[in-house]
Each structure stands twice: as C-alpha cells, then as structure tokens.
Amino acid sequence: MRRPFPITFLQLALLVAALALHLVVNDALSVRPLALLSTPGLEEVLFLTATLPRITMALLVGAAMGLSGALLQEISQNRLVAPTTLGTASGAWLAMVATASLAPAIFADQKFWVAMSGAIIATGLVLVVSGRQQMASLSLIIVGMCANLVFGGLGMALVFLDTEATKPLFIWYSGDLTQTGWDQVRWFAPQLALAAFITPLAARAIALMRLGGDQARSRGLWVFPLIALSVTLASWMTAAAITCVGIIAFVGVLAPNMVRALGVRGVLPTLLLSAWAGAICLLAVDSLPIALSNWSKELIPSGSAAALLGAPAFILIAMHKSTSLQIEAAPFLPVRRRAWKVNLLFVLAIAILLSCGALFVVRTAEGLVTDFSGGLRFDFRWPRVLSAAGGGIAMATAGTIMQRLLRNPLASPDIVGVTSGATLSVVTAVILLGLPFSHAVLPAAVFGGVAVAAILVAMNHHSRSGPGLMILFGLATSATLDAVMNFVLARGGDVGYNLLPWLSGTTAMQSGSEALSLVVIAVVGLGLATVSARVLDLVSLGSHVAEARGVSMRVASPIFLILSAALAAATTAFVGPISFVGLLAPHIARMLGARMALSHLLLSAAIGALIMILSDHLGRILLFPQTLPSGTIATIGGGLFLFYLLAKKDKFHNRT
Amino acid sequence: MRFLRLMLLMFWPGLTLAQPITITDSRGPQSFDSTPKRVIAGNWMLAEMLLELDIVPVGIADLAGYNKWVVAPEMPETVADIGLRSEPNLEVVIDLKPDLILLSDDGLAMAEHAARIAPVLHFDAYSDKHDNIPAGRKNFRTLAKLFGQERLAEAKLAAMDARLAEQAKTLKEAFGDDIPQVTLIRFLDEKRAVIYGENSPAFAALSALGLSSEIDVPKSKWGVGYRRVRKLGSVTQGKVMYFEPFDQQEQLFDTALWQAMPFVQSKNLSALPAIWSYGGPLTVGRVADAIFDALIP
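What you see is a predicted model; the values in this text were computed from it and never measured.

(A) Expanded view of the side chain of Gln179(A). Along the chain, the position of Gln179(A) falls in the loop between helix H7 (163-173) and helix H8 (183-209). Judged by its relative accessible area of 4%, Gln179(A) is buried. At a separation of 3.1 Å, a polar atom in the side chain of Gln179(A) contacts the side chain of Gln184(A). Setting aside chain neighbours within four positions, we find Gln179(A) in contact with Thr49(A), Ala50(A), Pro53(A), Arg54(A), Met57(A), Gln184(A), Val245(A), Lys191(B) and Leu257(B).

Written out as structure tokens, the structure is:
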C-alpha cells in the first residue's frame, strides 16, 4: 500500500456517504433519537430491527463477496474471477432449489449446509474441469459461465415443474438484503470473522501464486492445498451470504479491481481493502432498490439492482484488462485424421435414426411404445422434431462461423451474448413495453441479436483485444438478462411466468409452418456459409493471412458476425434461447475430422440437428406426462458433455 | 296441436337438445351440437369451476399441483394428469378423446393447437384490463349454460351472495360503526408477504363483508402486491389476517420487529385456513367464510 492515508480517507468518506444515503431512503430521519433508548415506538423499533440490521448485513455481505472475490482472483491470478463467475453462487442456488422442491424438510433445517455443499462442489468442478493450467486464462471464466448455464438450466427445470413452490425462491435468488432482526447478522458475522482471520494467515503463501503455479511449486509451496483452502474459504463465505440474502452479483468481481485501480499492490492490503470496498459498494447500491421500492410500490430486490449497475462496470474493467488475459487460440482437442465424409454419413445416419425414434416412439401411460398411427398425434409431433432439427442446424452453423471468425474454440452465439441480447430484447418488448408475444418475438429477437452483433463488430474495430472482450461482453449481457428476468419473475404472479417455457427453449407449441420457416432459415444460413466456405477458411488462418490473400477483414468479419447473429436470433425467436449447441456442435465436428470450413459447417450442422432432436425426444419421454423443454435438456446434456471434454483435454495436456 | 308442440318444446329438455347451444367465449360465439361429456381443464381455476358445476373433467393440467395447492373442491381419482399448465402434453390430451378443452388467459397460446383436438372455449379470467370478479361470475354462468347447469350455478351464486349479505349484516350488528379494517396477506417467506388488493377474490370478499384493507395495492392482473414485512407497520388500527400455510412462522413471529407491529401488540393478527386464492367466483365465498369465522369466533 503506497498511499495508505488517502485510501483510508477516501473509504471512510465513501462509507459515510453510503450510510447517509441509505438512512435517507429508509425514512430513518423520522426516527426520534431520544425515543430509541427510552420508549421506542414502531418507527424506532423498525429502525433498530430492520434498517440497522439491513445496513449491517449489506456491509457484511459486501465484505464477504469482496474478500472471496479477491481471494479467488489472487489464487487464480485472473481478474475476472468471482463467486458469481465461477459457478459458486449458481451451484449453491441449484442445491437449494433442488432441496426446496424435493426435500423441503432438509431445506428448512439445513439451508446453510445445502448451499455450502452446492457451492463447494460447483466451484471444485469448475476448477477441475478448466484445469490448473488454464486458471489465469479466459477459459476459466468460460467454464464458469458454462457452469452457470448448466446449473441455471437444471434449476429452471425444477422451477418449471413446481412453479408454486419455487415462486418465493425467486426473490431470494435475485438477492434481497431485507432483514427482520439481528439473527442473521449474529449468525453471519462470526463466519465472516473466522474467514477473514484465516485469510491473512495464508496471505504470504498466496503472494507466491503471483509468480505462477510452477514457480510457486518450485519454491516449495503446496499449491494444491492452498487452492483447496482458498476455494473452501470463498465458497464458505459465499454460501453463508447466499443462505442469508440470496445471490448478489458483481460485487465480488468489481471490488478487487477497484482496489487495484486505486494503486494497491500487496496481497494482504488487496484482500482486506477488497472486503472494505465490497462492503461500501453493496451498501451504496442497496439504497437504490429501497428507493425504487418506495417509489414504485413494488418489491425490487437488491441483487437485481447490483447486477444492473455492475454489468456495465464489469465491461469497463474487461475492456481495460482484457489484454492481460491469455486466450487460447488453438482448438483444445486434436483433430483426428479421419475421413470427415465417412463421419458425416455416420452422423447423418444416426440423426435419421433418432428422428425416426422421435417421430414414432412415444411414451404413454403403458410405457414406451411405437406409434405409426399418424393422424393428429403425428401432426403435433413432426413440427416439434422439425423445429428441433432446424434450431440445431441454425445454432451449429452460427457457432461454427463464430468459432472460425474469432479463432476461438469456446466462442459461440450464446457465449458472446447474441442469444442473451435477443432474449433480453424480447423480454423487454413483451414485459416492459407490453407488446403481444406472438407478434413481437421475431422482430424483437432479430433486433436484439443483430444489435449485439453490431456492438461486437464495433468493439472489434475499436480495439485489438478481439475475442476475449467479446466473450466478456457476452458474460455481462447474460448477467444483465438474468438481472432483468429475476426482477420480472420476483414481482410474481405476472406475465414473466408466461415466458418461462419459451425462455427454457421449447419446441412444444410449434406449428407446421413455423417449423418449416425455421428449417428454411437454417438451411439458407447454412447454404450462405458453405458458399463462402473458402473465405471462412482464410479468415480462420488469421486476419493477416486473410488480408494477404485478398480478403478484406473489414468487410468479411461484419458480414459473418451478422449472419451468425441472425441465425442465432431467429432460432431464439422460434424455439427460445438454446445454449451449448452452438458451442458443442462445431467442436464435435472437429473431433470427427472436420478441418476445412466446408466439412466443419456440414458436420456440425448434422451434429447440431442430432443433439436437438434427441433433446426434444428426451424432453417428451423422461418425465411423462410432463414434458420438459428441449432447450433445458440440451443445456444440461450439452453442458455436462462439455465439462467432460474439457476435463479430458486437461488430462491430454498433462500427458504430453 | 301447435300449442301442444310448443309447450312440449319449451318444457321437455330432451326435445330442445337438437337445438345447438351457442355461448360466447373471449373470442366470440361458439356453437355446440350437444352437451360436452369429456372435458379437459387447462388450469386449476377451470377445474374448480367444473367441479362446482358437478362436472368431472377427464383430465386437468398439473393434477399433483391441484391436490397440493387448491385441495377444495376435491378432485375425483378418475381424473387424468395432462402435464404442466404451461406446456400440456398434447398427445395425452388426444388419448383422452375430449369433446371440449377449456382454456383461460395465457392458455390462448395453446388454443390453436388444442382446437385441432376438440372444440375449445377460452375465457378471460384474470386481467388488469377488466374487473376479475364480475368476469369470473360471467364465465361461470357461461359454462353452466353449456352444461345445462344454469339452475345449479344460479343457486350456488345466490346462496353465496345471500350468505355474504347475511355475514355483512351480522358484522355490522356486532361492530356497529367500529367495524375493523382487515388487511389480507399471504407470507412468501419470513421477510416478505403478498398483500391482496383490488381485483383479487380475497379483496372482493372483504368488500362484500363491508370491510376495507388498510394497505392500498394498485389494481393488477392478480390483484396482489409484494411487500417487505416491515411495510405491514402501516396497519395501525385494524387487523391482519394471513393465509396458511406459513412454514417459516417461528423465524418471523419471535422477532422484536414483528412483536412491535401494532396489530401484533393489540392481538389483531389471525390465521386463515389454506385457500387457493386465484380460483373461480365461489372463491370469494370461501375466503369470506374464513374472514367471518376469524372476526366472530
């Protein structure tokens, strides 16, 4: 700490300001100070048992998030890591939703341990899957994001099945600091104190991590135990905070970055001041939902406000720091030298087989039976299968184009924010502007998706930072979408719930003509991409090579981005946001020997269709008579498969 | 002779059956050649209205949810589950061979598909664009007309209205001009509650009993507002009644904050039995009975 005095002074000034703001919006001014001690009336009791605990809780939770964010960032040497970007928070949430709906008794008694196990398992999974080599790189963030998608998808499936029981959980999911006494503060404070006590003891060891894992190990540091300890501490604080007030996004990732921006360098000061900064930030941000709730007479959760304010700040930091993040440019699995044409035939054969299964094998009260009766039952079935195939082809094509263009195997429309942008735009049009869903969905989705693509193009022009920034932008967009959605759902009993099936990616209510339109769009998109496959080949060799061969990147890259975004947005409009297909299909295609763009496009389109057809079929037969949205199945299955691939890749690295 | 035939037509229901029944749903007039026998209810409110008309549906959406949240009137065991309310399993619906599918509000999204299976009736029940209570009564009467149960429907509505009027009179006599205000809530968890306001059946029950709520909730689709528990502090004079179940009761009721609430100090807090508060028109009567019992033990 080079300038201790100004920072301390600044922090104190900010604390006083945040405190004052909080008190003003909380009507604390009507409290009679003298009456607090002698004869407290209702106003005074509310001040003592609701306002003060809330302020204390905001400070404590902010500190916990700031400290755990700093801890995770130091240990991974990755400035974008935090409990909410590592899957810690969503793991805890999934564990809680699952127990709330499947074992309510355990949930009521053991909330903390449920959240804690969820948090630790999730964080551990993300770290193991991304691999120790990749801790400092963007892949860790992407794996964390995928974890958020998978856990979020599983949680959404549970919400979908038991809406009434899970409704109250939404407010808590959005993060709300409301307090009704000192109980939670009394419970939370010692936990934080203990964690805050252990952390400085480890500070010297953590400092070695700044040299990098190998260097640290060569100096005799037990790297693995240290990582395990830090992750446990961070998960512990996060789980405790989540148990009390739900998920508060972005404070954990922003606080340490603010502290660094103020010029703090040492490990211990960074950790402690991050806790301070987190506390002040959350207290200041928390005034907003209170003020808004008073003004609008609606209950506005604190977490939504934090996320809405945090997302832009996150992008700013990402723009500033992204150059320091390594981005792996090579595909993470070796391309097998196999004839892709044989594999394409093979994949197509399986896809056709699965289509037949999806079309003719149904579950009834008697179990799985084949049904060739045709008629109305078939008339409802084929548009589902067809739109699933269309969505799969479109997303796979969009993903292939994007991965080739950005030369990043983890890029895809859902990762860079195109899908979230399209979804956010539809949600805004339907819920905030009140437009009818059936008319607004297509234009709104295309507008949102293409708008995000345009921003990405502008970013690409503006800076040389490239794909890293785009992926972070996508992360911020989906966080904003989450915040808006949670806010909308937390209001309860509202139009938000009608969007749930679509939001989970459903093929259920497709009409034949809609399904055909989607397939036509997908095939036209695929056609356009295959026609320009040669350009795509050059582009994926790098902009210098492409320019040297006469491809103008200034023209080519916006065109490809827009094509990819339009495909993803159209899919979103017809069947809702579909995650992972755009990311996975191109990957699997590469594993099956696709090297050139043409083979890559065709193979991944076939694989995308296959994944979606299978998801749709599983959605119809798994929980009969309930049907699960195919998007949810694709998210869960795809996410788990991706984890498997990434984990395997780590072993591959270790072996060589 | 012509007179006799006319008399027969008028008084012998069997003869009028040949006449198509025309009723009006949210989309316009709909004709039925005969009274539907195998009915599907797309949500719990419609299922409840059917049971009140002595019609047992062949299938309803989210059967387990109905038995968990709505409970009364009891659903017979013959009824099949057609899957979730938001995404019913159309193939199951086909297998049930319905001759009528009932949908309401957001179910309109399914109307096009459902109409290929069987005739569809769609009702506007809960909306911020109309008054839910008269709309619910109208829908109930429309359904009754279709099933030839007008007499039963009128009898049930009239009985409810008479009981409401009688309860209102009893309350007036018991309390005179000091009739307490009653704020109806449902706890979401130990920190937040739903407050019932204009456009909800619960609020209609209050009004019918001549009572009013101390917290103003703007008119909305379901007639509810979410509030933090501390906002209940603005109930200074009247009573607060909450619907059971409230699982986190101990975590809230022991707090100093709760104990400081005026209605807790004046012992003006009471629990109401579990009632599905977004049901059909007879929900008003069920809620009113509960409120009345809580006011006059």
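(B) Spotlight on the pairing of strand E12 (residues 269-272) of chain B. All names here are of chain B. The alternating pattern of E12 places Ser-270 and Leu-272 on a buried face, while none of Leu-269 and Ala-271, on the opposite face, is buried. Where strand E11 (residues 239-243) lies against E12, four bridges are found, and the strand directions are parallel. Across the sheet, Val-240 pairs through a bridge with Leu-269, a residue of E12.

(C) Expanded view of the packing of helix H3 (residues 44-52) of chain B against helix H4 (residues 63-70) of chain B. Residues and elements named next belong to chain B. Contact pair H3 / H4: the axes reach a minimum separation of 11 Å and the direction vectors enclose 75 degrees. What the angle tells us is that H3 and H4 run roughly perpendicular. Residues Trp-44, Ala-47, Glu-48 and Leu-51 of H3 form the contact with H4, whose own contacting residues are Gly-65, Tyr-66, Trp-69 and Val-70. Residues belonging to the contact of H3 with H4 are distributed by class as follows: six nonpolar, one polar and one charged.

(D) Broad picture of the pattern of salt bridges. Tallied over the full model, the rule gives 26 salt bridges over all chains. Note that Arg377(A) and Asp95(B) form a salt bridge whose closest N and O atoms lie 2.2 Å from each other. One end of the pair, Arg377(A), is in helix H15 (residues 375-406); the other, Asp95(B), is in helix H5 (residues 90-95), on a second chain. According to the relative accessible area criterion, Arg377(A) is buried, its value standing at 11%. Across the pair Arg286(B) and Glu52(B) runs a salt bridge, and its minimum N-O distance is 2.2 Å.

(E) Summary view of the packing of aromatic side chains. All names here are of chain B. Counted by the stated rule, this structure contains 21 aromatic pairs over all chains. Aromatic side chains Phe-187 and Trp-258 sit 5.7 Å apart centroid to centroid with 65 degrees between the ring planes, which places their arrangement in the edge-to-face category. Note that Phe-187 is positioned in strand E8 (residues 182-187) and Trp-258 in helix H11 (residues 256-260), a separation of 71 residues in sequence. Grouping residues by exposure puts Phe-187 and Trp-258 together as buried. Ring-pair connections join several aromatic residues into one group, and the members of that group are Phe-187, Tyr-242, Phe-246, Phe-253, Trp-258 and Phe-263.

(F) Local environment of the domain arrangement of chain A. Residues and elements named next belong to chain A. Partitioning chain A into structural domains gives domain 1 (4-18 + 47-321) and domain 2 (340-655). Computed from C-alpha coordinates alone, the two centres of domain 1 and domain 2 are separated by 30 Å. Counting from both sides, the interface comprises 45 residues of domain 1 and, opposite them, 48 residues of domain 2. Between domain 1 and domain 2 the total buried area reaches about 3800 Å² when both faces are included, carbon and sulfur atoms providing 82% of it. Put simply, the parts of the chain that give the side of domain 1 that touches domain 2 at least two residues each are helix H5 (104-130), helix H6 (138-161), H7 and helix H13 (302-321). With 17 residues, the top contributor of residues to the side of domain 1 that touches domain 2 is H6. By residue class, the composition of the side of domain 1 that touches domain 2 is 32 nonpolar, ten polar and three charged.

(G) Spatial organisation of the sheet that holds strand E3 (residues 39-41) of chain B. Residue and element names in this part refer to chain B. Strand order in the open sheet formed by five strands is E5-E4-E3-E6-E7, with parallel pairing between adjacent strands. Only two strands of the sheet have a single neighbouring strand rather than two, namely strand E5 (80-81) and strand E7 (120-123). Strand direction decides the pairing type here: E3 and strand E6 (residues 100-104), joined by three bridges, are parallel. Bridging across to E6, Ala-41 finds its partner in Leu-102. Helix-sheet contacts for H3 involve E3, strand E4 (59-60), E6 and E7, and the interaxial angle to E6 is about 125 degrees.

(H) Region of the structure containing the interface of chain A and chain B. The interface of chain A with chain B comprises 58 residues on the first partner and 42 residues on the second. Across the chain A to chain B interface the summed buried area is about 4400 Å²; carbon plus sulfur atoms make up 56%. The largest share of the area that chain A buries against chain B comes from Thr180(A), Phe380(A) and Met509(A), three residues that together contribute 17% of it. Our enumeration of links across chain A and chain B arrives at seven salt bridges. The salt bridge involving Lys68(B) is made with Asp162(A); its shortest N-O contact spans 3.7 Å.

(I) The pairing of E11(B), seen in detail. Residue and element names in this part refer to chain B. Buried residues dominate E11, accounting for five of its five residues. What you see with E11 is no split at all: Lys-239, Met-241 and Phe-243 on one side and Val-240 and Tyr-242 on the other are buried throughout. As judged from the four bridges shared by E8 and E11, these two strands associate in the parallel manner. Paired with Leu-184 across the bridge in E11 is Met-241.

(J) Highlighting the confidence of the model for chain A. Residues at a pLDDT of 70 or more form 90% of chain A, whose mean pLDDT is 83. Put simply, helix H2 (residues 33-37) of chain A is where chain A has its lowest mean pLDDT, 69, and helix H20 (residues 512-531) of chain A is where it has its highest, 95.

(K) Geometry of the sheet that holds E12(B). All names here are of chain B. In spatial order, the strands read E10-E9-E8-E11-E12; together these five strands make up an open sheet with mixed pairing. Each edge of the sheet is formed by a strand with only one pairing partner; in this case those strands are strand E10 (224-228) and E12. The mean angle between the axes of side-by-side strands here comes to 35 degrees, regardless of whether they run parallel or antiparallel. Examined bridge by bridge, strand E9 (residues 192-196) and E10 share five bridges and lie antiparallel to one another. If you follow Ile-195 over to E10, its bridge partner there is Gly-225.

(L) Expanded view of the environment of His600(A). Residues and elements named next belong to chain A. Its location among the elements puts His-600 in helix H25 (residues 597-621). A relative accessible area of 1% means that His-600 is categorised as buried. If we ignore the near neighbours within four places in the chain, the residues touching His-600 are Thr-400, Arg-404, Pro-586, Ala-589, Arg-590 and Ala-594.

(M) Geometry of the environment of Phe160(A). Mapped onto the elements, Phe160(A) comes out in helix H6. Sequence separation between Phe160(A) and Pro629(A) is 469 residues, and the spatial gap between their C-alpha atoms is 9.2 Å. The residues touching Phe160(A), leaving out its near neighbours within four places in the chain, are Leu500(A), Pro501(A), Ser504(A), Thr627(A), Pro629(A), Leu84(B), Ser86(B) and Glu87(B).

(N) Molecular detail of the state of the cysteines. All names here are of chain A. Here the structure, examined in full by the defined rule, presents zero disulfides over all chains. Among the cysteines around Cys-244, which has no disulfide bond, Cys-281 carries the closest sulfur, lying 20 Å off. In this structure Cys-244 comes out as buried when scored by relative accessible area, which is 4%.

(O) Main features of the UniProt feature "domain: Fe/B12 periplasmic-binding" (unreviewed entry) in chain B. The positions that UniProt labels "domain: Fe/B12 periplasmic-binding" (unreviewed entry) are, in the present scheme, residues 38-297 of chain B. From the first C-alpha to the last, residues 38-297 of chain B spans 43 Å; its make-up is 41% helix and 16% strand.

(P) Quick look at the nonpolar core. Judged by nonpolar contacts, the single largest core of 188 residues is most densely connected at Val61(A), Phe188(A), Phe250(A), Leu456(A) and Ile607(A). Residue contributions to this core peak at 14 residues, all from helix H10 (residues 223-245) of chain A. Domain assignment of the residues forming this core places at least three in each of domain 1 (4-18 + 47-321) and domain 2 (340-655) of chain A. In contact with Leu456(A), other than residues within four places in its own chain, are Val416(A), Val418(A), Met470(A), Phe473(A) and Leu561(A). Formed by 65 residues, the second largest nonpolar core is a distinct cluster that contains Ala47(B), Phe123(B), Ala205(B) and Leu211(B).

Cut-offs used in this document
Residues numbered from 1 in each chain as written. Chains lettered and ligands numbered in written order. Predicted model: local features only at pLDDT ≥ 70, side-chain atom pairs only at ≥ 80, totals over all residues. Heavy atoms only, no water. Helix = DSSP H or I, 4+ residues; strand = E, 2+ residues; numbered from the N terminus. Buried < 20%, exposed > 50% of the residue type's maximum accessible area, 1.4 Å probe, protein only. Polar contact = N/O pair within 3.5 Å; in protein donor to acceptor, adjacent residues only side chain to side chain. Contact = heavy atoms within 4.5 Å. Pairing = 2+ DSSP bridges. Axes fitted to C-alpha atoms, helices over the stretch in contact; angles between N-to-C directions. Parallel < 35°, antiparallel > 145°, perpendicular 65-115°, else oblique. Nonpolar A, V, L, I, M, F, W, Y, C, P; charged D, E, K, R; others polar. Salt bridge = Lys/Arg side-chain N within 4 Å of Asp/Glu carboxyl O. Phe/Tyr/Trp six-rings, centres within 6.5 Å; stacked < 30°, edge-to-face > 60°. Domains from an automatic or database assignment. Buried area = accessible area lost by both parts, 1.4 Å probe. pLDDT = per-residue confidence, 0-100. Disulfide = S-S within 2.5 Å. UniProt positions renumbered as here; feature names shortened; annotations may be inferred. Core = buried A, V, L, I, M, F, W, Y, C linked by side-chain atoms within 4.5 Å.

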